[in-house]
Amino acid sequence: MTDLIRIDGLTKKYVNTTALSDVTFNLAEGHIMGLLGPNGSGKTTLMKILAGLVSPTSGTVFIDGLAPGVETKASVSFLPDVNHLDRWMSVGEAGNFYADFYTDFDRKRFDELLAIMRLTADQKIGSLSKGMVEKARLSLVFARRARLYVLDEPFGGLDPLARSQVLDALVANFRTDCSMMVSTQMVADVERFFDDVLFLDRGRVVLAGEAEDLRTRRGGSIEDIYREVYGHVETR
Amino acid sequence: MWKLVRYQLRGRRLLYNNGLITMGALTLYQATRFIGMQENPAQSAPVSMGVPLTMAFFWVMFYAVMTVINIVTYTQDLYGDTGYLVFGLPLRGAEVLGSRILLLVIDTIMTLLGGMTSVLVLACVAPGLAEQVRPYVGRFLLTGDYWVMCLGVLAVIVSFMTIMFFGVTFGKTLTNSKKHLGSVFSALVVIAVLWSSAQLGLKLETTFQGWHLSLNPWRYMPFLGAGTQPARFPLVSPLMFVTLGVLAFAATSWLMDHKLNL
């Protein structure tokens, strides 16, 4: 099995903070990785680097053999943790926008996802509730037949039922020729999907490995390990 | 790049509609002022000419607002959430920046055409002494030198905006700052570049004193002070400024491609 992501010694420094420090890991094709850690641990920075939106200070990052840039942006489907869509757009216009710029955007799949999420193309982004915007954004991201899906807190604004719908859609659409990295605080809800887990704290990798292996070795769920690693209840 | 321009134009449709409706209403208002003046044929030329000049001022204001909006939306994209959409696209920095420049050119052409329409409308209803202007307006708008002057002004404005874009991008990328430090740096970079270019421009104009452009855009406006005499326009400093704009474009594109920090 080939590695879709290869990261070695990745460091990202801002003016007076180090967001990531000497991060090294690989993610195999067909795997889903859970990126876990408390707020400010560097999860979002790592995801932005993979999405080509932040440049690393040092270290190497390869996605499908390429350094983050224009080529990788065409094959990485990124869901930021904030609403990145313009308020003037309708859901359909957002779909047109994605279709215009991403050759891997599947219009039919987008329509199917909208139906699952109970959204219509003519709804304005500016008039949707937070949860509905989240559903629209997830529909856009999953409608792409990307090589790598990078999802930053994808379930934040969703109610439990919607979360379950999204997870079902996610699993149903997941292909073995792509990989996914998910950061979430809702560990219990999604840990069953994780093949690998990466625990970050203050920009450093504190624990990493195959999810099943970690469960066996540590004798608990990923959520239990999370509590153990960070020493306080952060999960919901 | 064209797709991005199309998308940005779509995002601004409400702004354009409101702006152009406002300018149309102002033109009609000025036209009614002219119509009112027709009842007094002895209206002095300066008073009559004040009406189209006021209209021209409104168009300059319209353009200034559009230019500020250009900078603000670009800054918002770099500092705000919508940047994930624009800078996450599989496009090179030059294409993203190029779309902004094209948008600026479209704004300029729209302002120019809108301003010309206003002038033509006002010329048609011009009263009293201002009526004498009417035969000259069409010929003036078709004067080659007038369009050369417009192109020169456009090149300088585009260069100025590119330097602004460079300043904003530099502040956000090279400082590695998430928020305020970047904004301060952006402002400092813009001020430093503009001040240096002004100094350099003055030096170049002194060194190359004989180099200038003779244009006669007001050839068909004999009643203006300039009359039929050609006017001398600076050549070296605008060329230097345009070169600076090209360099700023290249540097900004490189920063977007290699040093992006959203």
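Cut-offs used in this document
- Numbers given for residues are sequential positions, taken from 1 along each chain in its written order.
- Chain labels run from A onward and ligand labels from 1 onward, assigned in the order the entries are written.
- With pLDDT at 70 or above as the cut-off, local features in this predicted model cover only qualifying residues; side-chain atom pairs require 80 or more to be listed or tallied, and sums for whole chains, interfaces and linings still use all residues.
- Counting from the N terminus, the helices are DSSP H or I runs at least four residues long and the strands are E runs at least two residues long.
- Here the contact rule is simple: place C-beta atoms from the backbone, and any two residues whose C-beta atoms are within 7 Å are in contact.
- Joined through C-beta atoms within 7 Å, a set of buried Ala, Val, Leu, Ile, Met, Phe, Trp, Tyr and Cys residues constitutes a nonpolar core.
- Buried residues are those with 20 or more other C-beta atoms within 10 Å of their own C-beta, exposed residues have 12 or fewer, and partly exposed residues lie in between; C-beta atoms are placed from the backbone.
- Where each domain begins and ends is defined by an automated method or by a domain database.
- Being paired, for any two strands, means DSSP has found at least two bridges between them.
- Between N-to-C directions, angles cover 0 to 180 degrees, with each direction set by a line fitted to C-alpha atoms, over the stretch in contact for helices.
- An expected span of 1.5 Å times one less than the residue number is assigned to each helix.
- With respect to orientation, any angle under 35 degrees is reported as roughly parallel, any angle over 145 as roughly antiparallel, any angle of 65 to 115 as roughly perpendicular, and every other angle as oblique.
- Left-handed describes a crossing whose near helix is turned anticlockwise from the far helix by less than a right angle; the clockwise case is right-handed.
- In this count, Pro and Cys sit with the nonpolar residues alongside Ala, Val, Leu, Ile, Met, Phe, Trp and Tyr, while Asp, Glu, Lys and Arg are called charged and the others, Gly among them, polar.

## Side note on the overall build of chain B
Within chain B, the secondary structure is distributed over nine helices and two strands. Each helix and strand of chain B, ordered N terminal to C terminal, gives the series α-α-α-α-α-α-α-α-β-β-α. In chain B, 78% of the contacts between residues at least 6 apart in sequence involve partners at least 24 apart.

## Describing the nonpolar core
If you look at the biggest cluster of nonpolar residues, it comprises 102 residues, and the most contacted ones within it are L50(A), L148(A), V150(A), M181(A) and V197(A). A total of eight residues in this core trace back to one element, the largest contributor, which is helix α7 (residues 144–173) of chain B. Here this core gathers at least three residues from each of two domains, domain 1 (1–142) and domain 2 (143–262) of chain B. The residues touching V150(A), leaving out its near neighbours within four places in the chain, are M47(A), L50(A), A51(A), V76(A), F78(A) and M181(A). Counting 11 residues, the second largest nonpolar core, distinct from the first, contains F34(B), W59(B), F62(B) and L122(B).

## Topic: the sheet that holds strand β1 (residues 3–13) of chain A
Residue and element names in this part refer to chain A. Across the sheet, which stays open at both edges, the three strands sit in the order β2-β1-β4 with antiparallel pairing between neighbours. Only two strands of the sheet have a single neighbouring strand rather than two, namely β2 (18–28) and β4 (58–63). Across the sheet, the mean angle separating the axes of adjacent strands is 15 degrees when strand polarity is ignored. Note that β1 and β2 share seven bridges and pair antiparallel.

## Quick look at the sheet that holds strand β8 (residues 196–201) of chain A
Residue and element names in this part refer to chain A. Spatially, the six strands line up as an open sheet ordered β5-β6-β7-β3-β8-β9, and their pairing is mixed. At either margin of the open sheet sits one strand with a lone partner, and together these are β5 (76–79) and β9 (204–210). Averaged over neighbouring strand pairs, the angle between their axes works out to 15 degrees when direction is ignored. Taken together, the six bridges between β8 and β9 define a ladder with antiparallel strand orientation. From the neighbouring strand, L200 faces β9, where its bridge partner is V205. Against the sheet, helix α8 (residues 211–218) contacts β8 and β9, and its axis sits at roughly 95 degrees relative to β9. In the packing of helix α9 (residues 222–230) onto the sheet, the strands contacted are β3 (32–36), β8 and β9, and the crossing angle to β8 comes to about 20 degrees.

## Considering the interface of chain A and chain B
In this assembly, 22 residues from chain A lie in contact with 23 residues from chain B. Elements with a contribution of two residues or more to the side of chain A that touches chain B: α2 (70–73) and α3 (91–101) of chain A. Broken down by element, the side of chain A that touches chain B gets its largest block of residues, three residues, from α3(A).

## As for helix α9 (residues 236–258) of chain B
End to end, α9(B) covers 33 Å across 23 residues, agreeing with the expected 33 Å (1.5 Å per residue, within 8%). Looking at α9(B), one finds that the buried residues are V236(B), F241(B), L244(B), G245(B), A248(B), F249(B), T252(B), S253(B), L255(B) and M256(B).

## A look at the domain arrangement of chain B
A common measure of how large an interface is: the accessible area buried when the components associate. Residues and elements named next belong to chain B. According to the domain assignment, chain B consists of domain 1 (1–142) and domain 2 (143–262). Contacts between the two partners involve 26 residues from domain 1, matched on the other side by 23 residues from domain 2. Breaking the side of domain 1 that touches domain 2 down by element, the ones donating at least two residues are α3 (45–79), α4 (83–86), α5 (93–124) and α6 (134–141). Of all the elements, α5 adds the most residues to the side of domain 1 that touches domain 2, at 10 residues.

## Some details on unusual backbone geometry
All names here are of chain A. Of note in this structure, D64 is not a glycine but carries a positive phi near 55 degrees. By secondary structure assignment, the location of D64 is in the loop between β4 and α2. Even without being a glycine, R118 presents a positive backbone phi close to 60 degrees. As for its position among the elements, R118 is in the loop between α4 (107–116) and α5 (130–142).

## Notes on the pairing of β5(A)
All names here are of chain A. Because side chains alternate across β5, one face comprises the buried residues V76 and F78, and the other comprises S77 and L79, equally buried. Sheet topology places β5 next to strand β6 (residues 148–152); four bridges connect them, and they run parallel. Bridge pairing links L79 to L151 in β6.

## Quick word on the packing of helix α2 (residues 13–37) of chain B against α5(B)
Residue and element names in this part refer to chain B. Contact pair α2 / α5: the axes reach a minimum separation of 10 Å and the direction vectors enclose 20 degrees. Here α2 is positioned roughly parallel relative to α5, judged by the angle of their axes. Considering only the axes of α2 and α5, their crossing is right-handed. Facing α2, whose interface residues are L20, M23, T27, Q30, A31 and F34, α5 presents G114, S118, V121 and L122. Each residue belonging to the contact of α2 with α5 can be placed in one class, and the counts come to six nonpolar, four polar and no charged.

## A short note on the environment of V205(A)
All names here are of chain A. For V205, the location among the structural elements is in strand β9. For V205, a count of 20 C-beta atoms within 10 Å corresponds to the buried category. Along the backbone, V205 and S21 are 184 residues apart, and their C-alpha atoms lie at a distance of 8.3 Å. Not counting residues within four places of it along the chain, the set of residues in contact with V205 comprises V23, F25, L198 and L200.

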